[in-house]
Amino acid sequence: TRATGPMSAQRLLIPTLRALLIAFALFEAVDIRLYAVRTYGRVIHEFDPWFNFRAAEYMVAHGWGAFQAWYDHEVWYPLGRHVGSTTYPGLQLTAWGVHSALAAVGRPASLNDVCVFLPAGFGALAAGFTGLLAWEGTRK
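Scope of this entry: the structure provided in the associated data block. Each chain has its residues counted from 1, running along the sequence as written. Only residues with pLDDT of 70 or above have their local features reported here, since the model is predicted, and side-chain atom pairs are shown and tallied only from 80 upward, although totals for entire chains, interfaces and linings are computed over all residues. To get the side-chain values, all heavy atoms of the structure are used, and hydrogens and water are removed first.

**Some points on the packing of aromatic side chains**
1) Next: Classification of ring pairs uses Phe, Tyr and Trp, with its six-membered ring standing for Trp, and accepts pairs whose centres are within 6.5 Å; under 30 degrees between planes counts as stacked, over 60 as edge-to-face, and the remaining range as tilted. Tallied over the full model, the rule gives four aromatic pairs.
2) Next: A centroid spacing of 5.4 Å and a plane angle of 40° characterise the contact between W50 and F53, whose relative ring orientation is tilted. Of the two residues, W50 and F53 are both situated in helix α3 (residues 47-62); the distance of three residues between them amounts to about one turn of the helix.
3) Next: The exposure class assigned to W50 is partly exposed, which follows from its relative accessible area of 43%. Note on conventions: DSSP H or I runs of at least 4 residues are helices, E runs of at least 2 residues are strands, and numbering of each starts at the N terminus. A simple rule labels every residue: compare its accessible area, found with a 1.4 Å probe on the protein chains alone, to the largest value its type can have, and call it buried under 20%, exposed over 50%, or partly exposed in between.

Encoded structure:
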């Protein structure tokens, strides 16, 4: 038998409200991270993101092997820095992968744009996983 009436409507309303709340939270996670992009344009701010962009740019231009052997003479003057052994390349590899994937599907984007928008996507992922962790802890 099929349930009808106020009880079935309530069973449908709660999951729908949860889904809308989750969608809103993920949207806000992206929107907050894109505030600077809306205000100042597609510009990389601060030192660490700029270094990550520069390292990703080198990796895209020269490949993984050259990145691992890269000794950057433009930083830590006068000594320089062996980048391949002193950095965690996860962000650069992700930027390279997204940049290459977009080009492969016919939607090329500049590496700058990928590095500007990637943190917003990571912000949404972090918010989603934080929500899952809270749900795991409370089961509510």
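**Describing the packing of helix α6 (residues 90-104) against helix α7 (residues 111-138)**
1) Next: Comment: axis = line fitted to C-alpha atoms, over the contacting stretch for helices; angle = value between 0 and 180 degrees taken between N-to-C directions. The interhelical angle for the contact between α6 and α7, taken along N-to-C directions, is 115°, at an axis separation of 10 Å. With respect to their mutual orientation, α6 and α7 come out roughly perpendicular. For the element pair α6 and α7, the recorded crossing hand is right-handed. Mapping the contact onto sequence places L91, T94, A95, V98, H99 and L102 in α6 and L111, V114, C115, L118 and F122 in α7.
2) Next: Here the nonpolar group is Ala, Val, Leu, Ile, Met, Phe, Trp, Tyr, Cys and Pro; Asp, Glu, Lys and Arg are the charged ones; every other residue, Gly included, is treated as polar. By residue class, the composition of the contact of α6 with α7 is nine nonpolar, two polar and no charged. Each angle receives one of four descriptions, namely roughly parallel if under 35 degrees, roughly antiparallel if over 145, roughly perpendicular if within 65 to 115, and oblique otherwise. Two helices cross in a left-handed way if the nearer one is turned anticlockwise from the farther one by less than a right angle. They cross in a right-handed way if the turn is clockwise. Contact definition: two residues touch when any of their heavy atoms are within 4.5 Å.

**Describing the nonpolar core**
1) Next: Counting twelve residues, the largest nonpolar core consists of L34, V37, I44, F53, A56, A95, L111, V114, C115, V116, L118 and A120.
2) Next: Sorting the residues of this core by element identifies α3 and α7 as the ones contributing at least two each.
3) Next: The dominant element in this core, judged by the number of residues it contributes, is α7, at six residues.
4) Next: Contacts of V116, omitting those with residues within four sequence positions, involve V37, R42, V43 and I44.
5) Next: Take the buried Ala, Val, Leu, Ile, Met, Phe, Trp, Tyr and Cys residues and link them wherever side-chain atoms come within 4.5 Å; each set so joined is a nonpolar core. In terms of nonpolar packing, the next biggest core, distinct from the first, is built from six residues, F51, A55, M59 and V83 among them.

**Comments concerning α7**
1) Next: Over its 28 residues, α7 runs 40 Å from end to end, which matches the ideal 40 Å to within 8%, given 1.5 Å per residue.
2) Next: Here the bend at each residue means the angle between axes fitted to two seven-residue stretches, the one ending at that residue and the one beginning there. The sharpest bend along α7 measures roughly 30° and falls at F117, with the proline P119 sitting one to four residues further on.
3) Next: Once α7 ends, the next one or two residues include R139, with phi positive near 55°. In a helix, the anticipated span is given by 1.5 Å times the number of residues less one.

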